[in-house]
Amino acid sequence: MASADLESLAQALKQGRVAVLTGAGCSTESGIPDYRGSQGLWKRHPTELGTVYGMETWPEEFYAFYAARVRALKEARPNKAHRVLARFQKEGLLEALITQNVDGLHQAAGATDVIEVHGSMAHTRCQRCGRKDSPDRLLEPVTGRDDRPACRHCGGPMRPDIVLYGEQLPPEAMSRAWQAARSCRLFLVVGTSLQVAPVSHLPGEALLAGASLAIINLDPTPYDGRATWVIREKAGEALGRLAELMGLELEEEEAPPTANASH
Ligand code: APR
């Protein structure tokens, strides 16, 4: 990517009213696998594990899959991409920070009011009554359909508080995302293949409303041809260079947890 392009993108970002849409590629540098990249989750696991049918039909595999993700998230720390986007927000540059990710790493980096259009692994939710509970409910052993983690209120099965394929997206989150796409000046896509509707229609909505489009993604996306900027670099590196070009200081990275922390 010619640095001149990064320079012009930095200038555009400084004008503000930027709507950001992130996907799993924003968290791979935190050790969280994406779905369709070379080491993606859907390259190693059946996508049925992302469906209610999978939860009902193969409970052992379903709950083991999400238990592994709960454990991985306990170790994950925000990376430079999350920290730069939180800094952009603090600088007042963002119209909205929309994420398809369920890992909470934008919030862990200090971002607020994150629009989580695919829900969050921060909670479990009862499939029957909707009550929320800890994500650790997914760590309880499951050996069949009849001993899934049970809701403490109605006994229904607890499940990750995320949007599974075919389920409705949280209406309030999605309407805020559409609104931000329509009112932004610049729509910045970071680390998503833009393969999953309805979120994948947001860049088109922004372009229709007259915004310009920037895409930071390692692989091609269906919108590359309509983007003013296409940056084939790691999100952390590209956003780190943009922050430098914009003269934005980042808070010091928090030290990783020490093995023998004194208690
Ligand atoms: N920097 C930039 N791009 C990256 C990086 C990185 N460090 N790592 C991976 N990528 C890119 C990959 O090339 C890929 O195109 O990020 C993109 C991630 O795309 P997906 O794996 O499809 O993830 P995402 O677009 O977020 O998936 C959308 O699909 O399964 C559902 O609900 C799930 O929210 C998810 C949705």
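Report on the accompanying structure. (Residues numbered from 1 in each chain as written. Predicted model: local features only at pLDDT ≥ 70, side-chain atom pairs only at ≥ 80, totals over all residues. Heavy atoms only, no water.)

1. Quick notes on the side chain of R148
Link 1 in the chain: Its location among the elements puts R148 in the loop between β5 (132-133) and β6 (158-162).
Link 2 in the chain: Reaching out from R148, the side chain makes a polar contact with the side chain of E56 at a distance of 3.1 Å.
Link 3 in the chain: Among residues more than four places away in sequence, those in contact with R148 are M55, E56, P59, Y63, V142 and P157. (Helix = DSSP H or I, 4+ residues; strand = E, 2+ residues; numbered from the N terminus. Polar contact = N/O pair within 3.5 Å; in protein donor to acceptor, adjacent residues only side chain to side chain. Contact = heavy atoms within 4.5 Å.)

2. Here's the deal with the sheet that holds strand β4 (residues 119-126)
As a general point, the strands of a sheet are linked pairwise by backbone hydrogen bonds and lie either parallel or antiparallel.
Link 1 in the chain: Across the sheet, three strands lie side by side as β5-β4-β6; this open sheet has antiparallel pairing. On the outer flanks of this sheet lie β5 and β6, each paired with one strand and no other.
Link 2 in the chain: Bridge count between β4 and β5: two bridges; the pairing is antiparallel. The residue of β5 that forms the bridge with T124 is D133.
Link 3 in the chain: Set on the sheet, helix α4 (residues 59-75) makes contact with β4 and β6; between it and β6 the angle comes to about 55 degrees. (Pairing = 2+ DSSP bridges. Axes fitted to C-alpha atoms, helices over the stretch in contact; angles between N-to-C directions.)

3. What about helix α5 (residues 80-90)?
Link 1 in the chain: With respect to burial, α5 is a largely interior element, eight of its eleven residues being buried.
Link 2 in the chain: Within α5, burial applies to A81, H82, R83, V84, L85, A86, R87 and F88.
Link 3 in the chain: At the N-terminal end of α5, a side-chain oxygen is found 2.7 Å from the backbone nitrogen of A81, two or three residues along, and the residue is N79.
Link 4 in the chain: Looking one or two residues beyond α5, the residue adopting positive phi is G92, at roughly 80 degrees. (Buried < 20%, exposed > 50% of the residue type's maximum accessible area, 1.4 Å probe, protein only.)

4. Topic: the packing of aromatic side chains
Link 1 in the chain: Counted by the stated rule, this structure contains seven aromatic pairs.
Link 2 in the chain: Geometrically, the ring pair formed by Y35 and W42 is tilted, given 5.6 Å between the ring centres and 35 degrees between the ring planes.
Link 3 in the chain: Judged by relative accessible area, Y35 falls into the partly exposed class, the value being 22%.
Link 4 in the chain: Consider the rings of F62 and Y63, whose centres lie 5.3 Å apart with planes at 70 degrees: the pair is edge-to-face. (Phe/Tyr/Trp six-rings, centres within 6.5 Å; stacked < 30°, edge-to-face > 60°.)

5. With respect to the pattern of salt bridges
Link 1 in the chain: Within the structure shown, the criterion is met by 15 salt bridges.
Link 2 in the chain: A salt bridge links R145 to E56, with the shortest nitrogen-to-oxygen separation between them at 2.4 Å. In this pair, R145 sits in the loop between β5 and β6 while E56 sits in helix α3 (residues 52-57), placing the two residues 89 residues apart along the sequence.
Link 3 in the chain: Take R145: its relative accessible area is 45%, and that puts it in the partly exposed class.
Link 4 in the chain: For E56, a relative accessible area of 24% corresponds to the partly exposed category.
Link 5 in the chain: A salt bridge links R148 to E56; its shortest N-O distance comes to 3.1 Å. Highlighted residues: R148 in the loop between β5 and β6 and E56 in helix α3, separated in sequence by 92 residues.
Link 6 in the chain: Its relative accessible area of 13% is what places R148 among the buried residues.
Link 7 in the chain: Within the structure, one salt-bridge network assembled from shared partners comprises D133, R137, E140 and R152. (Salt bridge = Lys/Arg side-chain N within 4 Å of Asp/Glu carboxyl O.)

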